[in-house]
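What follows is the residue order along each chain.
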Amino acid sequence: MWLGKMSKAVRNVSREISDYESSLLAMELSRYLRLFMALTRLQLRDETHLFGNPKYVAPELYTADEKKILEGVARRPLKILGWMEATVDAMSQAGLISQFREFQFVTHIETLGQSFQGSNKIRALQLPLPYAQLLTYFLGLYVYTLPFVLVATMGRATPIVAGLFAIILFGINSVAKQLADPYGYDANDLPIDQLENAVAEDVQYDLHRNGHVATEGNIRLDIDTEYSSKSVDLIDTSDDGLMV
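Residues numbered from 1 in each chain as written. Predicted model: local features only at pLDDT ≥ 70, side-chain atom pairs only at ≥ 80, totals over all residues. Heavy atoms only, no water.

When you go through the protein residue by residue, the secondary structure sums to eight helices and zero strands. Reading the protein from its N end, one meets helices and strands in the order α-α-α-α-α-α-α-α. A buried classification covers 41% of the 244 residues belonging to the protein. The long-range fraction of contacts in the protein, counting pairs at least 24 apart against all pairs at least 6 apart in sequence, stands at 71%. Accessible area of the protein: about 14,100 Å², with a carbon and sulfur share of 58%. (Helix = DSSP H or I, 4+ residues; strand = E, 2+ residues; numbered from the N terminus. Buried < 20%, exposed > 50% of the residue type's maximum accessible area, 1.4 Å probe, protein only. Contact = heavy atoms within 4.5 Å. Areas by Shrake-Rupley, 256 points an atom, 1.4 Å probe, with all protein chains shown as cover.)

Here it is in structure tokens:
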């Protein structure tokens, strides 16, 4: 549910970004969007220590200053959303976008934040270990002593009925364990990597569709002369906020 909502919000943000006339701003915000998805993947899999490893997060998605700041942040995806919102606010103050478009963008960012919080809550809220151990012990005790109760009424059919009960109860317990942490690498876990790749492709396609990149894989080079008469500084990656 939450990942689907997040995916929809990401695509809405991507479309909003690609409609900007400035390729520089569009690509900067698109970079933040891809970085948000990459950091969300690490957060949901409890692999935040792998940030900085090029095998897990592409180095072109962050600058050296941004890396220093993010290394000291616990929930990095929310920091990225803050940078995006601050950038859009700076664009609005400079008159590059209307207040209505700013409101739309902020609404999508809030949806991304809610989706991240909901997904992260599923990972963070685990059953206490003593409770999980007692549940396993009593489940085994119930299943293995059930035949002694059934034999008086079921007779020779007791092994079949007891076996059926065992399959059902242990199966439900196994499903519960999968649902408790659905973001890992097991075959039944949610396809976070495929979702992230699909988002990256959609972002790149939106940039290409609106002429911000020459092809779907290369950044357009003639961006340094855009908005020569009206410009806005991008988000300052310091904790102070915007560059003015």
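Bringing the packing of helix H4 (residues 76–93) against helix H5 (residues 99–124) into the picture now. Interaxial distance between H4 and H5 falls to 10 Å at its minimum, and their mutual angle equals 175°. By the angle class used here, H4 and H5 are roughly antiparallel. Contact with H4, carried on its side by Pro-77, Leu-78, Leu-81, Met-84, Glu-85, Val-88, Asp-89 and Ser-92, involves Gln-99, Glu-102, Phe-105, Val-106, Ile-109, Leu-112, Gly-113, Phe-116 and Gln-117 of H5 and no other residues of that element. Tallied by class, the residues present in the contact of H4 with H5 amount to 10 nonpolar, four polar and three charged. (Axes fitted to C-alpha atoms, helices over the stretch in contact; angles between N-to-C directions. Parallel < 35°, antiparallel > 145°, perpendicular 65-115°, else oblique. Nonpolar A, V, L, I, M, F, W, Y, C, P; charged D, E, K, R; others polar.)

It is worth spelling out the side chain of Arg-76 at this point. Along the chain, the position of Arg-76 falls in helix H4. For the buried residue Arg-76, which engages in no salt bridge, the nearest side chain bearing the opposite charge is Glu-71, 6.7 Å off. Here the side chain of Arg-76 touches Thr-48 through a polar contact of 2.8 Å, landing on its backbone oxygen. With near-sequence residues (within four places) excluded, Arg-76 lies in contact with Leu-39, Gln-43, Thr-48, Phe-51, Leu-70 and Glu-71. (Lys, Arg positive; Asp, Glu negative; His and termini not counted. Salt bridge = Lys/Arg side-chain N within 4 Å of Asp/Glu carboxyl O. Polar contact = N/O pair within 3.5 Å; in protein donor to acceptor, adjacent residues only side chain to side chain.)

A few words on helix H6 (residues 129–154). Compared with an ideal rise of 1.5 Å per residue, which puts 26 residues at 38 Å, H6 spans 37 Å between its outermost C-alpha atoms and is within 8% of the ideal. A bend of about 35° at Thr-145 is the largest found in H6, and the proline Pro-147 appears one to four places after it. Restricting attention to buried positions, one finds in H6 the residues Leu-139, Gly-140, Val-143, Leu-146 and Leu-150. Those residues of H6 that are buried lie in contact with helix H7 (158–180). (Expected span 1.5 Å × (residues − 1). Bend = angle between axes of the 7 residues up to and from the residue.)

Attention now goes to the confidence of the model for the protein. Per-residue confidence for the protein averages 80 on the pLDDT scale, and 83% of its residues sit at or above 70. Ranking the helices and strands of the protein by mean pLDDT puts helix H3 (residues 64–71) first, with 92, and helix H1 (residues 2–18) last, with 79. Counting interchain partners and residues more than four positions distant, the pLDDT-below-50 stretch residues 216–244 has 60 contacts. (pLDDT = per-residue confidence, 0-100.)

Along the chain, Ser-119 falls in helix H5. Note on Ser-119: relative accessible area 0%, which makes it buried. Here Ser-119 is in contact with Trp-2, Leu-3, Met-6, Leu-44 and Tyr-183, once residues within four sequence places are set aside.

Our next topic: the packing of aromatic side chains. Under the defined criterion, the tally for this structure stands at three aromatic pairs. For the pair Tyr-32 and Trp-83, a centre-to-centre distance of 5.9 Å together with 50° between the ring planes defines the contact as tilted. Linking Tyr-32 in helix H2 (residues 23–44) with Trp-83 in helix H4, this pair joins segments that are 51 residues apart in sequence. Trp-83 carries the same exposure label as Tyr-32, and that label is buried. When the ring centre of Tyr-32 is taken as reference, the NZ or CZ atom of Arg-31 above it lies at 4.7 Å. (Phe/Tyr/Trp six-rings, centres within 6.5 Å; stacked < 30°, edge-to-face > 60°. Lys NZ or Arg CZ within 6 Å of the ring centre and 35° of its normal.)

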